[in-house]
Amino acid sequence: MQHYDVAIIGGGPAGLTAAMTLSRSLRRVVVLETPTPPRNAASHGVHGIVGLDGVSHEEYRRRAWEDLEKYGMAELREAVATDVTPAAAGGFDVAVEDGPAVWARRVLLATGVADIHPDVEGFAECWGRTVIHCPLCMGWENRDRAWGVVTSDPEFARTAAAGFAAWSDNVVVFSDGAMPEGEHGVEVVEGKIRTLHHTEGDLHAVELDDGRVVVRQTLLWQPGQRPVPLVARLMENLGLAVREDCYVKIDAACRTNVPGLYAAGDLTTEEQSAIEAAASGSTAAFQIIEDTT
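Described below are features of the structure shown in this document.

Quick notes on the rules
Residues numbered from 1 in each chain as written. Predicted model: local features only at pLDDT ≥ 70, side-chain atom pairs only at ≥ 80, totals over all residues. Heavy atoms only, no water. Pairing = 2+ DSSP bridges. Helix = DSSP H or I, 4+ residues; strand = E, 2+ residues; numbered from the N terminus. Contact = heavy atoms within 4.5 Å. Axes fitted to C-alpha atoms, helices over the stretch in contact; angles between N-to-C directions. Salt bridge = Lys/Arg side-chain N within 4 Å of Asp/Glu carboxyl O. Buried < 20%, exposed > 50% of the residue type's maximum accessible area, 1.4 Å probe, protein only. Polar contact = N/O pair within 3.5 Å; in protein donor to acceptor, adjacent residues only side chain to side chain. Phe/Tyr/Trp six-rings, centres within 6.5 Å; stacked < 30°, edge-to-face > 60°. Expected span 1.5 Å × (residues − 1).

1. A few points about the sheet that holds strand β8 (residues 131-132)
Inference 1: The five strands lie next to each other as β8-β15-β9-β10-β11, forming an open sheet whose pairing is parallel. The open sheet has two edge strands with one neighbour each: β8 and β11 (187-190).
Inference 2: Where strand β10 (residues 171-175) and β11 come together, four bridges link them in parallel fashion. Bridging from a neighbouring strand, Val173 pairs with Val188 of β11.
Inference 3: Packed on one face of the sheet, helix α5 (residues 154-163) meets β9 (147-150), β10 and β15 (218-221) and runs near 165° to β10.

In structure tokens, the structure reads:
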């Protein structure tokens, strides 16, 4: 079993930023990154990080590892971490699918979350392109198009037209539940969406269960999320605390309720962006350094 100062589970902006900070502090690090594409692989690229804006996810990771290799302290393993258990002599044993386990003094979870896609034809093909979860992340790429906002929250509906006016002056709300009476400041289309008509992920129109078709080019749709299998296992086996909305509970320094176990990035907050994830990865790394010095 190989030994490390820190095992980072997840190789996105949170995990890679933490690996950089730890490498520069001469901590030996292993990054366990699943070989499957990341959940945002379909998006146009990474945005909001100055100097890297618009690069593909593959290019972002390539550049990150090019930087990390200069320090010689971080190792990448493309493997699925299946469990984290406290070791008898301290630290943690990290089980790896189809590979040898590793031991680390500290573990940082940077796994992200799993999106729960609705059972709507065409959703998967449009997701990350013209069906977006965050206007700050993807609004620019979808500017000056006809938008639809999928929500049953009347407060969100009221703010839709004004809140997204910078990107579109043509916004309607799709609600699959009865929207309360009142002035929402935007057209509300009641009904359940069954099909998204598109060409290779470029949305044309939204079809409802009753056959109505509404021309739209972009949907702001925030699907539900759930913990990835590893986090769910740690909830059961280690008592890892999560909020009611499925996100891992952390303090201001990214410590979980399990001593020695930290969490950063999308699995800790609904405010999900590359820059926010990178910032939390840096915070976690600084705290790990302080706790192990």
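2. Brief notes about the pattern of salt bridges
If charged atoms from side chains of opposite charge come close, those side chains can pair.
Inference 1: Applying the stated criterion across every chain yields a total of 10 salt bridges.
Inference 2: Residues Arg62 and Glu66 are paired through a salt bridge, measuring 3.2 Å at the closest nitrogen-oxygen approach. On the criterion of helical spacing, the pair formed by Arg62 and Glu66 is a turn pair, its members being four residues apart in helix α2 (residues 57-69).
Inference 3: Asp251 is the salt-bridge partner of Arg255, the closest N and O atoms lying 2.8 Å from each other.
Inference 4: Classification of Asp251 by relative accessible area gives partly exposed; the value is 32%.
Inference 5: The structure contains a network of salt bridges with shared partners spanning Glu59, Arg62, Arg63 and Glu66.

3. Some points on the environment of Ser25
Inference 1: When you line up the elements, Ser25 lands in the loop between α1 (13-24) and β2 (29-33).
Inference 2: The spatial distance from the C-alpha of Ser25 to the C-alpha of Met73 is 9.2 Å, given a sequence separation of 48 residues.
Inference 3: A polar contact of 3.2 Å, which involves the side chain of Ser25, links it to the backbone oxygen of Thr21.

4. A few points about the packing of aromatic side chains
Inference 1: Inspection of the entire model under this criterion finds six aromatic pairs.
Inference 2: Between Trp147 and Phe164 the ring centres are 5.8 Å apart and the planes differ by 40°, which places this aromatic pair in the tilted class. You can see Trp147 sitting in strand β9 and its partner Phe164 sitting in the loop between α5 and β10, a full 17 residues away along the chain.
Inference 3: Using a relative accessible area of 0% as the deciding quantity, one classes Trp147 as buried.
Inference 4: Centre to centre, the rings of Phe156 and Phe164 are 6.1 Å apart; their planes meet at 70°, and the pair counts as edge-to-face.
Inference 5: According to the relative accessible area criterion, Phe156 is partly exposed, its value standing at 25%.

5. Focus on α2
Inference 1: For α2, with 13 residues, the first-to-last C-alpha span of 18 Å sits near the 18 Å given by 1.5 Å per residue.
Inference 2: For α2, the elements touching its buried residues are α1, β2 and β3 (74-78).

6. Overview of the pairing of strand β13 (residues 202-208)
Inference 1: With five of its seven residues buried, β13 lies for the most part within the structure.
Inference 2: As judged from the six bridges shared by strand β12 (residues 193-199) and β13, these two strands associate in the antiparallel manner. Paired with His198 across the two strands is Leu203, which belongs to β13.
Inference 3: Taking the residues that link successive antiparallel strands as the turn, the β12-β13 hairpin has two residues, and the phi of Glu200 there is positive, at about 50°.
Inference 4: Pairing analysis gives three bridges linking β13 to strand β14 (residues 213-215), with the strands arranged antiparallel. For Val206, the partnering residue across the bridge sits in β14 and is Val214.

7. Observations concerning α1
Inference 1: For α1, with 12 residues, the first-to-last C-alpha span of 17 Å sits near the 16 Å given by 1.5 Å per residue.
Inference 2: A large share of α1 lies buried, amounting to nine of its 12 residues.
Inference 3: Among the residues of α1, those classed as buried are Pro13, Ala14, Gly15, Leu16, Ala18, Ala19, Thr21, Leu22 and Ser23.
Inference 4: In this fold, the buried residues of α1 make contact with β1 (2-9), β2, α2, β3, β6 (99-109) and α7 (274-291).

Shape descriptors only; they carry no functional weight alone.
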